[in-house]
Each structure stands twice: as C-alpha cells, then as structure tokens.
Amino acid sequence: MGLRQAVVCGVAGVLLALGAGAVSVSQPAPAPGAGEGEALYAARCRMCHEPPVPRAPGRDQLRGMAGSQIVEALTRGTMQPMAEGLSPAQIASLATYLTGRSVTAPEGGLRVGAAAPAPPDLKPDATAAARLGRMRPVSQATLHAPAPGDWLHWGRTYDGQNFSPLTRIDRRTVASLRPAWRLPLPAGPSMPTPLVHDGVMFLQTSPDTVMALDATTGAVLWRRSYKPSLPSSQKMGLAIAAGRVFVPTSDLHVIALDARTGEPVWDHEIAIAPPATARRPFNLRSAPLIVGDKVIQGVTASGAPGGGFIVGLDIATGREVWRFHTIARPGAPGGESWNGLPLERRSGGSVWQQGTYDPELNLVYYGVGQTYDTGPLMKPSGAPGTTQDALYTDSTVALDPDTGKLVWHYQHLPNDQWDLDWSFERQLATLTIDGRPRRVVMNIGKMGVLDALDARTGVYLFSIDAGAQNVISAIDPKTGAKTTDPARWPDKTKSTLICPNATGARNWPSTSVDPRSGKLYLPVTMWCLTFGPPTGPGFTLLSSGVGLSPADHPEASASGKMGRLQAMDLRGRKLGWRQEFTAPIASSVLATAGGVVFAGDLQPALNAFDDRDGRLLWRVPLDGYPSSTLVTYGVGDAQYVAVVVGLRNFHVNDLSRRYQVFQRARGVAVEPPKGEPAIVVFALDGRSRSR
C-alpha cells in the first residue's frame, strides 16, 4: 500500500506536518521530561526505528524532525495506534526525547486522535433479542444471491462489483435524501464496511469492537469488544455466514461471534512461521471471505522476513486448513525471481484488500502488494537462472478455495521500485470479448491503470489508463507487459518527478462496476512525488538510498483540482466521462440501479452523480472526513445510504495533509472538520433520528 501504510510504526508526518500550533517548540536546550520520553520510546517505538523497518525513519531522521511533526504523527497521523492511552504530557515528553528540543503541552492539552476505550460489552435485552431473533441465518445460497436490500460482502456480492440493484433512490428522488440516523463511534484508525442483513447492520470499529445495530434507527442491539495484545489497527470489515459474524483482530486472531447475541463461538490465533520471528509486522487489514466451509483471510506483512500469506480456516472451528505464501519460496515455482536472495531477505507481498470469488470456476482472487526492500532488486545479481521480478508481488493470484493451491497468477508489474503496487480489489464481470461472453477479473493499481484478465486462465485481455501516471510508457496489447520510462527509474543522484504519489492515484477506496451499462467508476487523486537525493524534505526510500518528497501533479497545478471521478467504458475499453473536484475523493464509489453514483470527498461532503454523464445531482456537507466503504441497503420499502465519518486511516491522513498544503499554496485556508466519528445514514423520508 502507501508509504505510510507499510507499518503501524511508519513515517507519518515526515513529509508533511500540520497542527504546529498545538505544541510549543523551542531550540535545543535541556529537555525536561526526556527521561519519561526515553522509556516510552523504548517501550513503543524502538522496535520499528532501531534498526528501521521498511518505510520507517531511522533514529537519526527522527532526531532531525520538528517537534510538531512528531506530535502530529502521534495524535492525528500514522502513529496514532502506538500512542493509544498516552496523555498529552507523555506525548510531549516523547517528542522532546526524539528531537532533543523541548516540546511542551499547552494548557488546553493536545488533540489526541488515538482510539478511545471501548464501551462495555452490551448483551441483547428482550427487545433487541426479539429483533435479532427474526434475523435469518445467512446460508450458502444467500451468500451466492443476496436479497436486493442486503449488503452481505465487502462489495455486496461475491464478484466485488460494489453495485446495488436498489432503485428507490434514483436520479429524480436523490435530491430528497435527508439524514435518517447517526450513531457516534469511538475514535481510532479504521476504514470499515458495514454489512446489512434482514434489517440488522454489523459494524466493526475501533478499538476492536463489533456492533449489531437496528439498520432503521441505529439502536445498538449488541456490542462485543475484544482486547488485543497489540495496538488497535486499521481494518476494513467483517464477514457473515451460518449464523456467525467473522472478525479479524489487531493481534492476528480471527474470531467467530454468534450473530444474534455477539457471544464468542471460537477464537483462532494465526501462527507465524520461520523465517519470521515477531508478530508485530503482521496485520489483518481485510475482511474475511467465506467460501463453502472455509473462512479465507489475507495477511499483511510489511517488512517481515518471508512476507505475507493467505490462510483458509475451517468455518466450524477456526482451525487452519491451508496457507498460501505470497512470496515465492526458493526451489518452488517463481522462487528464482528474487535475484538470488535467500528467503529471510525476501519481504512484502502483503494482502491488503479483500478477496473475490467466482462460484462457477470455484476460484478466489486476491491482489498481492509490493516489496519494500527494493535495493537488492535494482541490479541483476548475476546468479544463474535468476530474475528480478519478485513473484508474487504486484500480482493477481487465483487460488482453489478448498486447498489454497495456486491455479494461476499474473504479475502486473515486475520489480516495482516505486511503491506503485496492484494490491487492491479484484472485480469480476462478464464482458463480450472477441464476439463471445467471457468471465473477466479486473483490477486497478495505484497508477490508475486497469488490467483485465481471463478469470479462468489469467490470460491478459486489455488495459485502460486513467491518465494520472508517468511511469509506464507502453503496454503490450497481447501480453499486458509494461514498458517503464527509463527516465523514471529511481536515481539518488538526480531529481525526477514520479506520478502518482506512492499513496496512489487510487488506493483502498473501492471502485464500482455497473453490470448493466458496462461502466466502472474510479476515484482518482492527482498528486506526485519527487524521487532523488535523500536530502532536504525527502527521506530515504527503502534500501535503494533514494529520497522522496511530495510534489503537485502538473495537471492539478494547472486546474487547481486534486480529485476526479472517472468513468471507464469496459465494453469499449476506453475512458468515459470524468468529473473533477478541488478536493480528492476519500470514500469508496457506489453505483446503483437507480442511475446514481455516490462518492465522499475531503471538503468533506457526500455527493451523488448521474451515472450517464457525471452531473452532480445532490451534495450534503459532512462534519468528518468520509473514511469507509459506502453502502446502500433496503428495509421494507425504504432505501438507505450509509457512510462512516471521522475514523482516521492512513489514506485519509495522507490525502488531507497534502490537500491542505495544496490549497494553502493557492491562498485558501482549509480547516480540518470538527465532528466526532460516527456512522451517518441517509434516507428519502427525511425523518431525522440520532442516538
């Protein structure tokens, strides 16, 4: 994923720092509180910065940062989870120790964005139990064909299209959408997808808390908290099947809860295996995928030796049944693609995003991220028979869900030296190719380039480029092989503009596919990086020694607009309409059979567009950044649209900081929203409720 997404103990605040007014920073002097700060650093930070794991600044780099940067990272940036539970004075002490300059908390204290303590578990009372008792268990048949009003998977259906067949909210009625209910949430880092079944919503939020809600009112029916052994991490969602809710945790557990009561059914701790020795680099970011009697879960690995993996768990017990390693092992197929590196020197291959499933082919599809240790892959090692491709990074892998065996793979970009990986959702659709219907699996990497493959074989079919990147200069029309511009190859001796930014022209917010029109809707951010000497505002990029610093995209500089909603015509294999915005889109995109496309931006606001031409139909201000997958669902004759606001994740943090800098350079002051985290739900009746 993005530079600051590699690890919890990453580099937030290194490139951009805001909130300098929140602290008082003086020049080098005896540092009061440094003793406590040293202890806090040893307990919470040293394991990632000495020596630095990939993407994290080393101790010397931390010493060179401003106190405001350290405080920003700890209170509103990537380091929020590591600062969980710290007082403003302790944060100031930690910043004082790291910088060697006195940092004091002002009288009003600091705004700390770390997760609040979870509220106590809530068991269903008689009313809630009766409501939950009417909810039917989700069967295999239901998973394959959800009711139109339900949202049962992260992308609603197994194919991950993120599309709703509901039509009550349409191009004409959308203007009448009004707030229906709002439920406050504890603060913390996350990007959840609500699931809805039979009028009950299931939502995971920080810190490691799952709630069942009445989807019409927001009333809490039950609440279950899990206390992890590691800080609360960013997670995308849940899975539901067979009367249970399946929950990934911050410390590498998958737990099953009774969907009607919230009571635990089983708890499985995912084991790590050599050459990895520590659990901290691993993380469960994505929602589980339920296929038959398996709970399939992807694992991120950041800089852990041996890399990431995917596990298949028994749905009845949680026992691990199979494991697929996303870093090819020496001696196995693809093992020679790591430039002669031993397994303990191979890292990355994280599985950040959810999987999809094709029942007819009985295949599951996952995207695999890049490696962060790019230095050993820059030049050929000369070892006989080796390449620098680094399988299965930047690849689509198709697995047998029963065994975990690899059926086929396709590598979209070998030897990714830019952190511009292809790790996001794989979406399935049936398209007419060469005059006949063909099952296709598609994905769009950080560069905003769509690759379409045959879902059965992995054979390349076509690509569509959104036009936000300057790294790929050509794509072979038969194989999809990418030619990269040699002028964009990382070089620590000269500065080069690389577009997009390593956080991506697109990132985790999912795209949406309308199977009726054959259009895909993509959120695009126009921003770049300067690669070059590791001096000035830049920081060292991996082991290649290249520095990087933020830069504006030339098109955004000319237009004053960082955001874009881009339609892609899958049938015509070309770009469709586009709508440009000053602020980037921060949520997923949601298309509906009512002809409406929803997306949330950093103004912040929730918007609805006409799917035919992108015309704005409706817009409502939000009091927090939209930070979730948008969903729409139906209960009775009412249709609802839900968005989570105010939960801070890496993507929202990165976008909001750069957007503020972008606007300030144009003389526009951008104030962060002041609202508290919440789930906000809209409906047509305009009846407002809140809890």
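Figured I'd write up the structure that's included with this text. (Residues numbered from 1 in each chain as written. Predicted model: local features only at pLDDT ≥ 70, side-chain atom pairs only at ≥ 80, totals over all residues. Heavy atoms only, no water.)

Within the chain, the secondary structure is distributed over nine helices and 41 strands. The buried share among the 691 residues of the chain stands at 64%. Across the chain, every contact between residues at least 6 apart in sequence was considered, and the portion connecting residues at least 24 apart equals 64%. Taken as a whole, the chain presents about 22600 Å² of accessible surface, with 53% of it coming from carbon and sulfur. (Helix = DSSP H or I, 4+ residues; strand = E, 2+ residues; numbered from the N terminus. Buried < 20%, exposed > 50% of the residue type's maximum accessible area, 1.4 Å probe, protein only. Contact = heavy atoms within 4.5 Å. Areas by Shrake-Rupley, 256 points an atom, 1.4 Å probe, with all protein chains shown as cover.)

Here the focus is the packing of aromatic side chains. Within the structure shown, the criterion is met by 14 aromatic pairs. Summarising the aromatic geometry, the rings of Y41 and Y97 are spaced 5.6 Å apart at their centres and angled 50° between planes, so their arrangement reads as tilted. In this pair, Y41 is assigned in helix α1 (residues 34-44) and Y97 in helix α5 (residues 88-99), connecting sequence segments 56 residues apart. With respect to burial, Y41 and Y97 carry one shared label: buried. Note on Y410 and Y460: the rings are 6.3 Å apart at their centroids and 15° apart in plane angle, and the pair reads as stacked. Taken together, the positions of Y410 in strand β20 (residues 406-411) and Y460 in strand β24 (residues 460-465) put the pair 50 residues apart, joining distant regions of the chain. Accessibility assignment for this pair places Y410 and Y460 in one class, buried. Taken together through their ring pairs, the aromatic side chains of F598, W618 and F682 make up a single cluster. Seen from the ring of F309, R323 lies directly overhead, with NZ or CZ sitting 4.1 Å from the centre. The positively charged end of K482 is found above the aromatic ring belonging to W422, 4.9 Å away from the centroid. (Phe/Tyr/Trp six-rings, centres within 6.5 Å; stacked < 30°, edge-to-face > 60°. Lys NZ or Arg CZ within 6 Å of the ring centre and 35° of its normal.)

Cis geometry marks the peptide bond from S206 to P207; its omega dihedral reads -10°. Mapping P207 onto the fold places it in the loop between β6 (200-205) and β7 (209-214). Each neighbour pair has its own omega, and for C499 with P500 the value is 5°, a cis peptide bond. With respect to the secondary-structure elements, P500 resides in the loop between β27 (496-498) and β28 (512-514). The phi torsion at N162 lies on the positive side, around 60°, for a residue other than glycine. Positioned with a positive phi, S302 is a non-glycine residue whose angle comes to about 45°. Inspection of the secondary structure puts S302 in the loop between β14 (294-299) and β15 (309-314).

The next thing to look at is the pattern of salt bridges. Should their charged atoms come close, side chains of opposite charge can pair. Taken as a whole, this structure holds 27 salt bridges when the rule is applied. In this structure, D198 and R136 form a salt bridge, with 2.6 Å as the shortest nitrogen-oxygen distance. Of this pair, D198 sits in the loop between β5 (195-197) and β6 while R136 is found in the loop between α6 (126-133) and α7 (140-144), placing the two residues 62 residues apart along the sequence. For R136, a relative accessible area of 54% gives the class exposed. Residue E580 pairs with R578 through a salt bridge whose shortest N-O separation is 2.6 Å. Given a relative accessible area of 38%, R578 falls into the partly exposed group. Taken together, the salt bridges that share partners define one network made up of R171, D514, R516, D610, D611, R612 and R615. (Salt bridge = Lys/Arg side-chain N within 4 Å of Asp/Glu carboxyl O.)

Right, let's get into the pairing of strand β11 (residues 253-258). Burial runs high along β11: five of the six residues are buried. Of the strand pairs in this sheet, strand β10 (residues 244-248) and β11 are connected by five bridges, and their pairing is antiparallel. Bridging across to β11, V247 finds its partner in I255. In this antiparallel pair of consecutive strands, β10 and β11, the connection spans four residues, and L252 shows a positive phi of 70°. By the bridge criterion, five bridges tie β11 to strand β12 (residues 264-269) in an arrangement that is antiparallel. Residue pairing for β12: V254 is matched across the bridge by H268. The antiparallel pairing of β11 with β12 creates a hairpin that spans five residues between the two strands, and G262 there sits at a positive phi of about 80°. (Pairing = 2+ DSSP bridges.)

Take the nonpolar core next. Ranked by size, the top nonpolar core spans 103 residues in total, and within it F202, F598, Y633 and I679 carry the most contacts. Core analysis: the next-biggest nonpolar cluster, separate from the first, contains 33 residues, A466, A468, L655 and V670 among them. (Core = buried A, V, L, I, M, F, W, Y, C linked by side-chain atoms within 4.5 Å.)

This part is about the state of the cysteines. Defined simply, a disulfide is a covalent bond joining two cysteines at their sulfur atoms. Taken as a whole and assessed by the stated rule, the structure comprises one disulfide. Paired by a disulfide, C499 and C528 hold their sulfur atoms 2.1 Å apart. Where C499 bonds to C528 through sulfur, the torsion about that S-S bond is close to 100°, and the disulfide is right-handed. Of this pair, C499 sits in the loop between β27 and β28 while C528 sits in strand β30 (residues 527-532), placing them 29 residues apart in sequence. (Disulfide = S-S within 2.5 Å.)

Its place among the elements puts F682 in strand β41 (residues 678-683). A sequence separation of 43 residues divides F682 from Q639, and the C-alpha atoms of the two residues are 8.5 Å apart. Apart from the residues lying within four places of it in its own chain, the contact partners of F682 are L177, R178, P179, A180, L606, W618, V620, L622, Q639, Y640, V641 and V643.

So, on to helix α9 (residues 650-664). Compared with an ideal rise of 1.5 Å per residue, which puts 15 residues at 21 Å, α9 spans 21 Å between its outermost C-alpha atoms and is within 8% of the ideal. Counted residue by residue, α9 has 13 buried out of 15 residues, so it is predominantly covered. Measuring from the backbone nitrogen of H651 back to the side-chain oxygen at the start of α9 gives 3.2 Å, which picks out N649 as the cap. (Expected span 1.5 Å × (residues − 1). Polar contact = N/O pair within 3.5 Å; in protein donor to acceptor, adjacent residues only side chain to side chain.)

Right, let's talk about the environment of A301 for a bit. Residue placement: A301 occurs in the loop between β14 and β15. Considering only alpha carbons, one finds A301 and L284, 17 residues apart in sequence, at a separation of 9.2 Å. The residues contacting A301, other than those within four sequence positions of it, are P281, F282, G307, G308, G348 and S350.

Moving on, we get to α6. Among the residues of α6, those classed as buried are A128, R131 and L132. All buried residues of α6 project into a common sector of 95° when viewed along the axis, lining one side. Of the surrounding secondary structure, the elements contacted by the buried residues of α6 are β6, β7 and β8 (220-225). The residue sitting at the N-terminus of α6 and contributing the capping side-chain oxygen is D125; that oxygen lies 3.1 Å from the backbone nitrogen of T127. (Arc of directions from axis to C-beta.)

The subject of this paragraph is the pairing of strand β33 (residues 563-569). In terms of burial, β33 is largely enclosed, as seven of its seven residues are buried. Burial along β33 is two-sided: G563, L565, A567 and D569 and R564, Q566 and M568, pointing in opposite directions, are all buried. In the sheet, strand β29 (residues 519-525) pairs with β33 via seven bridges, with the strands oriented antiparallel. Counterpart to K519 in the pairing with β33 is D569. Relative to strand β34 (residues 574-581), β33 is paired through six bridges, and the arrangement is antiparallel. When the bridges of β34 are listed, M568 appears paired with L575. Hairpin remark: β33 followed by β34, antiparallel, with four residues in the connecting loop; positive phi at R573, about 55°.

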